[in-house]
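A look at the structure
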Amino acid sequence: MPIRVANRHGRAVLLVDGGIVDVDQASGGAFGPDPMLVLAHWDAFCNWAAGTSLQATEGLDEAELAACVPRPGSVFAIGLNYRAHAEEAGLAPPNRPMVFTKFPSCLAGPRSDIYLFSDRVDWEVELVVVIGRPGVRVAEDVALDYVAGYCVGQDISDRRLQFNDKPPQFSLGKSRETFGPIGPAIVSLDSFADPNDLQITCEVAGERMQDSRTTDMIFAVPELVSYLSGVCQLQPGDLIFTGTPRGVGAVREPRRYLQVGETIVSTIEGVGSLVNRCVIPPY
Ligand code: ZN
């Protein structure tokens, strides 16, 4: 049964027809309220949700949602993982996944404001994988069994901080506060006819900047899970930002960066949208 779990004011909620259900209340304290605890017991949680008839107790207001995975142990991110994006960047497709991290403190909600800390802040819509089981040296053909679900992510990037030094500072340039909005919910893979073929788009100030399909990935989700689990122990709640398709601002002619007051709408077919407004940082 398809499952959609979000984080409302720090409490796990299930998205159902007509609204939301508080997981902790509905399960009599068996799961939640912390969304990280739901992920730690993902299989049991899915069994419970599938066997329970749940009625919405409140309406859904996406403005109330926080990051659907608030405190992951690891946040992996993949660079140059779409063929057309490697092409537009003028770089050869990598032979192995190019991995960096987004430090978890950058995570934000699906409606959070984005702080423009420099005049070269860029957008990167990405499919984000949420790990649902501990995994070490996972084989590709069973890799999706280790995935709790997908959410939408933005790998917001300060290109000044990223490229001012050699070698480039990917992890810092992409980890400023608010630079990792995710959500709106964790959506289980049985929601999709083909979880490896989803449309992915990004609009900035109403203009379609990115429009691709996840089939353009150089390393598909099962390859990424397998590769990363061969190096690092994967834990429930870990995130993988799987790379961005073509159409980022830094390689456009002329270059185009985010401006205060603009809204970024990031959408993945069957998952949902993030709507994030760009603002002057409060500090
Ligand atoms: Zn990225």
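Read on for an overview of the structure. (Residues numbered from 1 in each chain as written. Predicted model: local features only at pLDDT ≥ 70, side-chain atom pairs only at ≥ 80, totals over all residues. Heavy atoms only, no water.)

A word on the coordination of the zinc ion. Bound to the zinc ion are the protein donor atoms Glu 124 (OE), Glu 126 (OE) and Asp 155 (OD), situated 1.9 to 2.1 Å from the metal. Sequence positions of the residues that donate to the zinc ion give the spacing E-x1-E-x28-D. One end of the pair, Glu 124, is in the loop between β9 (121–122) and β10 (125–131); the other, Asp 155, is in the loop between β11 (147–154) and β12 (157–158), with 31 residues separating them in the sequence. You can call Asp 155 buried: its relative accessible area is 0%. (Donors = N, O, S within 2.8 Å, 3.2 Å for Na, K, Ca; no water. Helix = DSSP H or I, 4+ residues; strand = E, 2+ residues; numbered from the N terminus. Buried < 20%, exposed > 50% of the residue type's maximum accessible area, 1.4 Å probe, protein only.)

A cis amide bond, omega -5 degrees, links Lys 166 with the succeeding residue Pro 167. Here Gly 183 and Pro 184 are connected by a cis peptide whose omega angle stands at -5 degrees. Take Pro 184: it is sitting in strand β13 (residues 180–187). Of note, the phi angle at Thr 178 is positive, near 80 degrees, even though the residue is not glycine. Mapping Thr 178 onto the fold places it in the loop between α6 (170–173) and β13.

Attention now goes to the environment of Val 138. As for its placement among the helices and strands, Val 138 is situated in the loop between β10 and β11. Overall, the relative accessible area of 5% leaves Val 138 in the buried class. Put simply, Val 138 and Gln 233 are 95 residues apart on the chain and 9.9 Å apart in space, counted from C-alpha to C-alpha.

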